[in-house]
Amino acid sequence: MTSEQKLTHFRCVTCESEVYSIHKQVPHNEKPILDFHKEQNCKIEYYTKESRIEYLKSETPSSNTDHLIKSRYSMDWFIHKCTVICKMGFEFSRHDFPQLSKANYRTYVCRATKKGLIQKTLNGLVPSFWVVGLPYDKERGTVTLKGMGVGLEFEQRLRDCGLAHPAIHDIRLKIPTSEFYDNIPNSVPKDPTNGRIFLGEHKLKDYVFAKISAYPKSIEIIIECSTFPLIYDTAGAGQFISMMGEIRGILMSKSYNLDNDIPPAISWIVTEYHFNKDGTSMQYSGESFEITVNEMSTGLIRFYSHKFPNGVTRARLEQVRTPQKSLIDVTTEMIMTDNYVNNRSGIKLTHEQACKVLDIIPKSNTVTNSIISPIVVVNYSPIFNPLSDRLYSL
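Residues numbered from 1 in each chain as written. Predicted model: local features only at pLDDT ≥ 70, side-chain atom pairs only at ≥ 80, totals over all residues. Heavy atoms only, no water.

Engineer: Report on the overall build of the protein, specifying residues and quantitative values.
Structural biologist: Of the regular secondary structure elements, the protein holds 8 helices and 19 strands. For the protein, the share of sequence-separated contacts (at least 6 apart) that also reach a separation of at least 24 residues comes to 64%. Just so you have it, the protein exposes about 19400 Å², and 53% of that area is on carbon and sulfur atoms. (Helix = DSSP H or I, 4+ residues; strand = E, 2+ residues; numbered from the N terminus. Contact = heavy atoms within 4.5 Å. Areas by Shrake-Rupley, 256 points an atom, 1.4 Å probe, with all protein chains shown as cover.)

This is the structure we're talking about:
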């Protein structure tokens, strides 16, 4: 076999995955994607450079060659694919199942949830899920969905996080476009269900990745930077704008330089981000934990242990926010907050404005001199079960 005939790519026939390089690794643990499919005894199809090109040319919405289940997908198949995705450290969502219509996907999710096989981890327009019983490793720490907690240290560690300077990660942006999608080369595969074109995962720096997807009328960008989130201050705002400028350059290179169709980065819409505060005064060495709460006025709040690359584990308090604001508005708010927290000259915020931006847990009307209000835990036990325990602020 010549060097040109060597196997270079693969796809999982069982999971009906896209085509990957044989050596492509999962970003956060540097383990080949291929290994995860092999461990689940998936059927693998390999390609040379030439056969991969031929496959991509022949792949159409109606081509279902080598599908294990052509007429109807079983629940076993659904859970199998969910398991592979979760073992790689990713939550799964509707976007991971282009084979299913939206209605069919919801049916599988509802049935699997009722059976206790999966659990929702993130609400939103496209909710995320996790297979119950698998280690929940999305945030680069080892966390499980059930039966873990921080015991009697709960309130102390929660307050330690509440006093920290905030940061943001898992940032989502949307760019309205009109010509970009139509100018992407026809050789790039399209999702048959919604027309999505995945333009790849791009490493911006260590532990910071950008996933770019194109749709007929918009571009979606997801910035994964949980390990090194952007600090919610002037420096973080500058890094945010700089990264978006770099991504705009990537988009320009893929669109035959349609400069007029890709607006300046400062006008891009920030649709969602995770607003977090990491404990700074105390390291955490106990059992891994996660508690997720749907708070009526502030939405989804998480409190969990987070392991950093240097081996240190700290508690993290996190809130999912959906600003629906332009990049310039979001970064301006970051700069304004920086001036308030660090007592620098510049734009000033009132105490009420600063609390509205900086607080994750809502403050009581009777509390005026602390960042977070007192906490009451209902159904308290030394080991928390996020399915039954509830967290409320006074």
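Engineer: I'd like a description of the packing of helix H3 (residues 75-87) against helix H4 (residues 102-114), backed by residues and values.
Structural biologist: Packing of H3 against H4 brings their axes to within 11 Å, and their N-to-C directions diverge by 85°. Taken together, the axis directions place H3 and H4 in an arrangement best described as roughly perpendicular. Two secondary-structure elements touch here, H3 through Met75, Phe78 and Ile79 and H4 through Tyr105, Tyr108, Val109, Arg111 and Ala112. A class-by-class count of the residues in the contact of H3 with H4 yields 7 nonpolar, no polar and 1 charged. (Axes fitted to C-alpha atoms, helices over the stretch in contact; angles between N-to-C directions. Parallel < 35°, antiparallel > 145°, perpendicular 65-115°, else oblique. Nonpolar A, V, L, I, M, F, W, Y, C, P; charged D, E, K, R; others polar.)

Engineer: Before we move on, could you go through the packing of aromatic side chains and cite the residues and values that matter?
Structural biologist: Going through the model one piece at a time under the given rule, you end up with 13 aromatic pairs. Aromatic side chains Tyr73 and Trp77 sit 4.3 Å apart centroid to centroid with 35° between the ring planes, which places their arrangement in the tilted category. Like Trp77, Tyr73 is buried. Their ring planes at 65° and their centres at 6.2 Å tell us that Phe78 and Tyr105 sit as a pair that is edge-to-face. Note that Phe78 is positioned in helix H3 and Tyr105 in helix H4, a separation of 27 residues in sequence. For Phe78, a relative accessible area of 0% translates into the label buried. For Tyr105, a relative accessible area of 5% puts it in the buried group. An aromatic cluster of three or more residues is present, and its members are Tyr73, Trp77, Phe78, Phe92, Phe97, Tyr105, Tyr108 and Phe129. (Phe/Tyr/Trp six-rings, centres within 6.5 Å; stacked < 30°, edge-to-face > 60°. Buried < 20%, exposed > 50% of the residue type's maximum accessible area, 1.4 Å probe, protein only.)

Engineer: Mind laying out the pairing of strand S7 (residues 128-131), listing which residues take part and the relevant values?
Structural biologist: Across the two faces of S7 the burial is the same, with Ser128 and Trp130 and Phe129 and Val131 all buried. Two elements, strand S6 (residues 118-122) and S7, share 4 bridges in a ladder whose sense is antiparallel. Paired with Ile118 across the two strands is Val131, which belongs to S7. (Pairing = 2+ DSSP bridges.)

Engineer: Could you give me a rundown of the pairing of strand S13 (residues 269-278), with the residues and numbers involved?
Structural biologist: Of all the 10 residues making up S13, 9 are buried; the element is thus mostly covered by neighbouring parts of the structure. Bridging between strand S8 (residues 167-176) and S13 involves 6 bridges; their strand directions are antiparallel. Bridge pairing links Lys174 to Ile269 in S13. Bridge analysis of S13 against strand S17 (residues 325-326) gives 2 bridges, and the strand direction is antiparallel. Within the sheet, the bridge partner assigned to Ile269 lies in S17 and is Ser326. Across 6 bridges, S13 lies against strand S16 (residues 313-321) in antiparallel orientation. Each residue of the ladder has a partner; that of His274, found in S16, is Val320.

Engineer: Outline the pattern of salt bridges, listing residues and values.
Structural biologist: A pair can form between side chains of opposite charge whenever their charged atoms are brought close. Taken as a whole and judged by the stated rule, the model has 7 salt bridges. Two residues, Arg172 and Glu272, come together in a salt bridge whose shortest N-O distance is 3.8 Å. Of this pair, Arg172 sits in strand S8 while Glu272 sits in strand S13, and the two are 100 residues apart along the sequence. Residue Glu333 is joined to Lys325 by a salt bridge in which the shortest nitrogen-to-oxygen separation is 3.5 Å. The exposure class assigned to Glu333 is partly exposed, which follows from its relative accessible area of 21%. On the basis of relative accessibility, which here comes to 35%, the residue Lys325 falls in the partly exposed class. (Salt bridge = Lys/Arg side-chain N within 4 Å of Asp/Glu carboxyl O.)

Just distances and angles here, no functional claims.
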